[in-house]
Amino acid sequence: MVADFRRRFWICLPLTLGVVLLSQHIQMLVGLPGIIAFPGDRLVEAALATVVFFYGGWPFITGLSSEVRQGKPGMMTLVSLAIVSAYIYSVAVLGGLAGEVFFWETATLILVMLLGHWLEAKSVLGASGALQALVRLMPSTATRLSADGAQEEVPIAALKPGDLVLVRPGEKVPTDGTVTEGSSSVDESMLTGESRPVDKTAGGRVVGGSVNGDGALTVRIDHTGGETYLSQVIRLVEQAQATRSRTQDLANRAAGILTWVAIGVGGGTFVVWLLLGAPLAFALERMVTVMVISCPHALGLAVPLVVAVSTELTARNGLLIRDRAAFERARSLQAVVFDKTGTLTEGRFGVAAVVPLGAGMDEAEVLRLAAGLEASSEHPIAKGILRGASERGIALPAATGFRNLPGEGARATIDGREIEVVSPGTLRRRGIDATDSRVAAEQQAGRTVVFVVADGVVAGAVALADVVRPESREAVRQLQALGLRCMMLTGDAKPVAEQVGRELGLDEVRAEVLPHQKSEAVQAIQANGLTVAMVGDGVNDAPALAQSDLGIAIGAGTDVAAEAADIVLVRNDPRDVVAILALARATYAKMAQNLAWATGYNVIAIPLAAGVGIPWGLLLTPAMGAALMSLSTVVVALNARLLGRQGEHRLAALRQDIARRNAEVSA
């Protein structure tokens, strides 16, 4: 469409200039009548205008035929009626009918309409560039490694799961896979919106289309074709762009009504001016101008362009929209309900507290001995203790004679002493009393407590808990600052849930809720008159995600096919819920601005086109009307494009604010 309108415009431009220069009306307007006159000049003017009419006006005439067949007259119908009536009348005048020819008006009207459609098509193409941008992320070839280590350049389509590929520094990862050798940092910003490179080592997963940093990586292919992350994102973007929104339906209905209003007002204008005694040519000119200026193009594009821009913006930032109507509802949310494990927390143990109990040890020594022992274990509690020691910079001692104690804990020799890490039940069975108010407080808070025993003496206790994401605090704070209630639904025990709720400052906590009861809990919140978003992992939270007004699957990573959710957040970051809310509000504001402009423009322009402004010297020609109509369309398109820049700035400001606050907390 862009190329077609551009070509027709440039071909019609010199022809239209010829029509304008030969027009007696134009020559009189500039005060130089007869400056270009020769035998047959009227026929040459008509011939040039006829070429412009049939070649330049052909897209509008065929558009009229299509709209009539569908029973939905619209913009093409109005433009075609205008140019056809003006052309036929001019030919009739040339054949002897009394009046003035409209050839120059017809030609300039078509030229301006072609220019407007060319600019509009370019804007639409730019606004709908999300899919093209995503496709361009994929490289065309990859370096496949054979069993003997030989390198072979192959097309991406030739790769299959299990193949090994070499990704050199600066190259794009060919498709989804797992790093088997090497270490590097990978730029995933075009896929997730995460500006910082992500470190990748053996065992780390990489996504096709991301850009490798300074190190070379050997990657085992996991997914190809339609199974890759990027392919799933493209499907979601297609689905989002195809989903009709409520605002778009409203705009389409308004455009349909405007078409019939334009036809009615245009015909009425023609009749009224004839009844008032105006010349036929003047009445026809007023009708043509009304038809052109009231084309509902800007109104029809007001919402789709914003939809295209917002879809592209969200896809580039790891916010994948599956349902446009649900995304629009995000602007009016009143409550956000979070799942706990894996959403507000990381779903892994971390050391919450260390309590020295005897043997002359401090916290660091108790944790050092526990971590030294657990270094040989694969138990989740052992990993949590090791992580806690690492975060505190504690060096691990060497342990010998490691042995699991089934149902009790583990034992090993460290620094010549027999060290054990055991459960509270083990101490009770041994008749050892380890009563302490500090330990009791940790247990009452729902934390898992293990005891460190050195040579038969209880040396201390380590309390572990599901690690709360640092991002969760900021997400809750920002949502509450926007006036939303923040709640949590979890199947965990009440003490555990209440501790997380206190730590995050949640407005309400509902614990010990089974997965199938979560949807009932969301329904109960909705019954209180609140518009609710549910944020979960998209698997066990599926019923609640479906029940909520807006279902958000968080932390989907490369598995973006969360069927129950309306929006999928690629990153494990609840702060992106704030970004969704901010972008939904900005998107709706742009839609409202475009609709206000498109409708307001017609309210003023149609009466002027009909001739209401003549007593004050305001008279619009058909070409001027076409220029104003095209200008309104371009204004709507540019305003939609502004959403992209404003959205990027808003997301960048949001993340800078978060980084600043995190730095303040760390300090």
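Not measured: the values here are computed from a predicted model.

A.B. asks: Any chance you could explain the overall build of the protein here in plain terms?
C.D. replies: Within the protein, the secondary structure is distributed over 24 helices and 22 strands. Residues classed as buried in the protein amount to 51% of the 667 residues present. Of all intrachain contacts in the protein linking residues separated by at least 6 positions in sequence, the fraction that spans at least 24 positions is 68%. For the protein, the accessible area works out to roughly 28900 Å², and carbon and sulfur atoms hold 59% of it.

A.B. asks: Whenever I open this one, the pattern of salt bridges confuses me. Can you help?
C.D. replies: Where side chains of opposite charge bring their charged atoms close, a pairing between them can arise. Taken as a whole and judged by the stated rule, the model has 26 salt bridges. For Glu45, the salt bridge is made with Arg42, and the minimal N-O distance between the two is 3.3 Å. With Glu45 and Arg42 both in helix H3 (residues 41-56), this residue pair falls three residues apart, about one helical turn. Under the relative-accessibility criterion, Glu45 is labelled buried at 2%. Given a relative accessible area of 23%, Arg42 falls into the partly exposed group. Here Arg411 makes a salt bridge to Glu418, at a shortest N to O gap of 4.0 Å. Overlapping salt bridges, with partners in common, bring together Glu408, Arg411, Glu418, Glu420 and Arg430 in one network.

A.B. asks: Would you take a moment to explain a nonpolar patch on the surface for this structure?
C.D. replies: Together, Trp597, Leu628, Leu631 and Val635 give the surface a local cluster of nonpolar side chains, amounting to about 330 Å² of exposed area. For the nonpolar patch, the element with the most residues is helix H24 (residues 622-666), which contributes three residues. By relative accessible area, which is 34% here, Leu628 ends up partly exposed.

A.B. asks: How do you make sense of the side chain of Ser519 when you look at a structure like this?
C.D. replies: Mapped onto the fold, Ser519 is located in helix H21 (residues 515-527). Beyond its immediate sequence surroundings of up to four residues, Ser519 is in contact with Pro543, Ala544 and Gln547.

A.B. asks: What exactly am I supposed to notice about the UniProt feature "transmembrane region" (unreviewed entry) in the protein here?
C.D. replies: When the UniProt feature table is mapped onto this chain numbering, "transmembrane region" (unreviewed entry) sits at residues 47-64, 76-95, 101-119, 254-276, 288-309, 595-618 and 624-644. Within residues 47-64, the helical portion is 94% and the strand portion 0%, while the C-alpha atoms at the span's ends are 24 Å from each other. In residues 595-618, the share of helix is 67% and the share of strand is 0%. The end C-alpha atoms are 26 Å apart.

A.B. asks: Got a minute to help me understand the sheet that holds strand E21 (residues 550-554) in this structure?
C.D. replies: What links the strands of a sheet is backbone hydrogen bonding, and the strands pair in either a parallel or an antiparallel sense. As summarised here, the arrangement of the seven strands in space is E10-E22-E21-E20-E11-E18-E19, forming an open sheet in which the pairing is mixed. The open sheet has two edge strands with one neighbour each: strand E10 (319-321) and strand E19 (508-510). Direction aside, neighbouring strands of the sheet carry axes that sit 20° apart on average. Sheet topology places strand E20 (residues 532-536) next to E21; four bridges connect them, and they run parallel. When the bridges of E21 are listed, Val535 appears paired with Ile552.

A.B. asks: Would you mind showing me how to read helix H19 (residues 470-481) here?
C.D. replies: Note: α-helices contain 3.6 residues per turn, so residues at a spacing of three or four share the same orientation. Between the first and last C-alpha of H19 there are 18 Å, a value that for 12 residues agrees with the 16 Å anticipated at 1.5 Å per step. Within H19 the residues assigned to the buried category are Ser472, Glu474, Ala475, Val476, Gln478 and Leu479. Just downstream of H19 lies Gly483, where phi reads positive at about 90°.

A.B. asks: I tried to follow the sheet that holds strand E14 (residues 409-414) on my own but got confused; where do I start?
C.D. replies: Strand order in this open sheet of six strands is E12-E17-E16-E15-E14-E13, and the pairing throughout is antiparallel. Whereas interior strands pair on both sides, the edge strands pair on one side only; in this sheet they are strand E12 (345-356) and strand E13 (399-405). Ignoring strand direction, the axes of neighbouring strands in this sheet form an average angle of 20°. Taken together, the seven bridges between strand E16 (residues 448-454) and strand E17 (residues 457-468) define a ladder with antiparallel strand orientation. If you follow Val452 over to E17, its bridge partner there is Gly460.

A.B. asks: Looking at this model, I keep getting lost on the packing of aromatic side chains. Mind explaining?
C.D. replies: The relation between two aromatic rings is expressed through the spacing of the ring centres and the mutual angle of the planes. Following the criterion strictly, the structure yields six aromatic pairs and no others. Relative to Phe54, the ring of Phe53 has its centre 4.9 Å away and its plane inclined at 80°; by these criteria the two rings are edge-to-face. Between Phe53 and Tyr87 the ring centres are 4.2 Å apart and the planes differ by 5°, which places this aromatic pair in the stacked class. With Phe53 in helix H3 and Tyr87 in helix H5 (residues 75-94), this residue pair connects regions lying 34 residues apart in the sequence.

A.B. asks: How do you make sense of unusual backbone geometry when you look at a structure like this?
C.D. replies: What you tend to see is this: most non-glycine residues have negative phi, and most peptide bonds are trans. Its identity as a non-glycine residue notwithstanding, Asp415 has a phi of 55°, on the positive side. With respect to the element layout, Asp415 can be found in the loop between E14 and strand E15 (417-422). The phi torsion at Asp455 lies on the positive side, around 50°, for a residue other than glycine. Topologically, Asp455 is positioned in the loop between E16 and E17.

What counts, and at which threshold
Residues numbered from 1 in each chain as written. Predicted model: local features only at pLDDT ≥ 70, side-chain atom pairs only at ≥ 80, totals over all residues. Heavy atoms only, no water. Helix = DSSP H or I, 4+ residues; strand = E, 2+ residues; numbered from the N terminus. Buried < 20%, exposed > 50% of the residue type's maximum accessible area, 1.4 Å probe, protein only. Contact = heavy atoms within 4.5 Å. Areas by Shrake-Rupley, 256 points an atom, 1.4 Å probe, with all protein chains shown as cover. Salt bridge = Lys/Arg side-chain N within 4 Å of Asp/Glu carboxyl O. Patch = residues over 30% accessible without salt bridge, like charges linked within 9 Å, V, L, I, M, F, W, Y side chains within 5 Å. UniProt positions renumbered as here; feature names shortened; annotations may be inferred. Pairing = 2+ DSSP bridges. Axes fitted to C-alpha atoms, helices over the stretch in contact; angles between N-to-C directions. Expected span 1.5 Å × (residues − 1). Phe/Tyr/Trp six-rings, centres within 6.5 Å; stacked < 30°, edge-to-face > 60°.

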